[in-house]
Amino acid sequence: MTIVVGFSASRQSQAPLNLAVQMAAASGHSIVAVAVVEDSGARAGDPFQKEFIGHLTERTETALRKVLDGMPGGAQVPAVVTPGPSTATGLLQVAADHDADAVVVGSSSSGLMGRLALGSVTDRIVHTARLPVAIAPRGYKLDPGRITRVTAGYGGAADESGLIPAAAVLTRKWSLPLRVVSFTVRPMAAFGASATPKSEQEMVDRWVEQTEKAVTAELAEVRTRIDVPDVEVVVGTGPDWSTAMDSVPWRPGEILALGSGAAGIVSQVFPGAAANRILRNSPVPVMLMPKA
């Protein structure tokens, strides 16, 4: 059982490695740290190209090893530097070679500190992977050392990935509590100029009640197949996604599991529109689960 984590030699960010260490502490999985040296092969046989790739590989190995050796237990983590036509292709190939249970990557450097953003590499991995992909927020720290809770994001009719049962299985394997969260974003302007603050709140309360009932019903169905302990159900509300997500309390070491949208390809990760908005506003790491 292996977690493959991507490392960027140019950015040398420790964030994805920190998340992988936390996941390994919870799951008991081993870690393989991977850096990909992009080599399109267009100049195959060119001695100068070969020399350049060799030099780049050596520098990348040194950078990766230095970061790992500075982390708790990092000296025992194998470092793999491999050529590939692209970073995404190379990383997923190593994951396939190791029959990995998950891939861990970092947020784009264009994202805000403590938040997530999909860059070109991460976006391609997310949309082509056939196994769970965990994304660490920019600047993510190792503290508290392990994953403390899994929160599954409930998507209602669009949640066709079987996320809740998959999250239930995951938390049983990792001996972690499970929470289910849903978000309702209702801009006040959408209620119309004639709406009063009281009627606006009544509409939001009605939506929250309907969502909680739907989640409870799905959990009851899951319990007919899987032994699921008591699960906390929360609903975040707000006029925008950021406010809705911040209205929900988050623990240090928590990870948010999201499922593929209704348009997702079977057995692939394919976040829908709502999942993308949640991902961009999440204050905790996100794990995207492939569609069942």
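Now for a look at the structure at hand.

Criteria and cut-off values
- Residues numbered from 1 in each chain as written.
- Predicted model: local features only at pLDDT ≥ 70, side-chain atom pairs only at ≥ 80, totals over all residues.
- Heavy atoms only, no water.
- 1 Å grid on protein atoms, 1.4 Å probe; cavity = no way out; pocket = protein on both sides within 12 Å on 5 of 7 lines; lining within 4 Å.
- Points joined across faces, edges and corners; volume = space filled by probe spheres on them.
- Helix = DSSP H or I, 4+ residues; strand = E, 2+ residues; numbered from the N terminus.
- Nonpolar A, V, L, I, M, F, W, Y, C, P; charged D, E, K, R; others polar.
- Axes fitted to C-alpha atoms, helices over the stretch in contact; angles between N-to-C directions.
- Parallel < 35°, antiparallel > 145°, perpendicular 65-115°, else oblique.
- Left-handed = near helix turned anticlockwise from the far one by under 90°.
- Contact = heavy atoms within 4.5 Å.
- Expected span 1.5 Å × (residues − 1).
- Buried < 20%, exposed > 50% of the residue type's maximum accessible area, 1.4 Å probe, protein only.
- Polar contact = N/O pair within 3.5 Å; in protein donor to acceptor, adjacent residues only side chain to side chain.

Okay, the layout of surface pockets next. By volume, the largest pocket is sized at about 630 Å³. In terms of lining residues, the largest pocket is bounded by 30 residues, among which Phe-7, Ser-8, Ala-9, Ser-10 and Thr-87 are the most central. Mapped by element, the contributors of at least two residues to the lining of the largest pocket are β2 (30-38), α2 (47-69), α3 (87-97), β4 (102-106) and α4 (120-128). Per element, the largest residue contribution to the lining of the largest pocket is five residues, and it comes from β2. When its residues are assigned to classes, the lining of the largest pocket shows 13 nonpolar, 14 polar and three charged.

With that out of the way, let us pick up unusual backbone geometry. The amide bond that connects Asp-143 to the next residue, Pro-144, takes the cis arrangement and shows omega of 15 degrees. Looking at where Pro-144 falls in the secondary structure, it is placed in the loop between β5 (133-136) and β6 (149-153). Positioned with a positive phi, Ser-175 is a non-glycine residue whose angle comes to about 55 degrees. When you line up the elements, Ser-175 lands in the loop between α5 (163-174) and β7 (178-185).

Attention now moves to the packing of α3 against α4. The contact between α3 and α4 brings their axes to 9 Å, and the two run at 45 degrees. When the axis of α3 is compared with that of α4, the two are oblique. With respect to the hand of their crossing, α3 and α4 are arranged in right-handed fashion. On α4, the residues that touch Thr-87, Ala-88, Thr-89, Leu-91 and Leu-92 of α3 are Val-121, Arg-124, Ile-125 and Thr-128. A class-by-class count of the residues in the contact of α3 with α4 yields five nonpolar, three polar and one charged.

Right, let's talk about α2 for a bit. Residue pairs spaced three or four apart in an α-helix point in one direction, given the helix's 3.6 residues per turn. The terminal C-alpha atoms of α2, which comprises 23 residues, lie 33 Å apart, in line with the 33 Å expected from a rise of 1.5 Å per residue. All of the buried residues in α2 are Gln-49, Ile-53, Thr-57, Thr-60, Ala-63, Leu-64, Val-67 and Leu-68. Those residues of α2 that are buried are in contact with α1 (15-27), β2 and β3 (79-84).

Let us now look at the side chain of Ser-282. Mapped onto the elements of the fold, Ser-282 is located in the loop between α8 (273-281) and β10 (286-288). Reaching out from Ser-282, the side chain makes a polar contact with the backbone oxygen of Val-284 at a distance of 2.7 Å. Sequence-distant contacts of Ser-282, that is, excluding residues within four places in its chain, are made with Gly-114, Arg-115, Leu-116, Met-245 and Leu-256.

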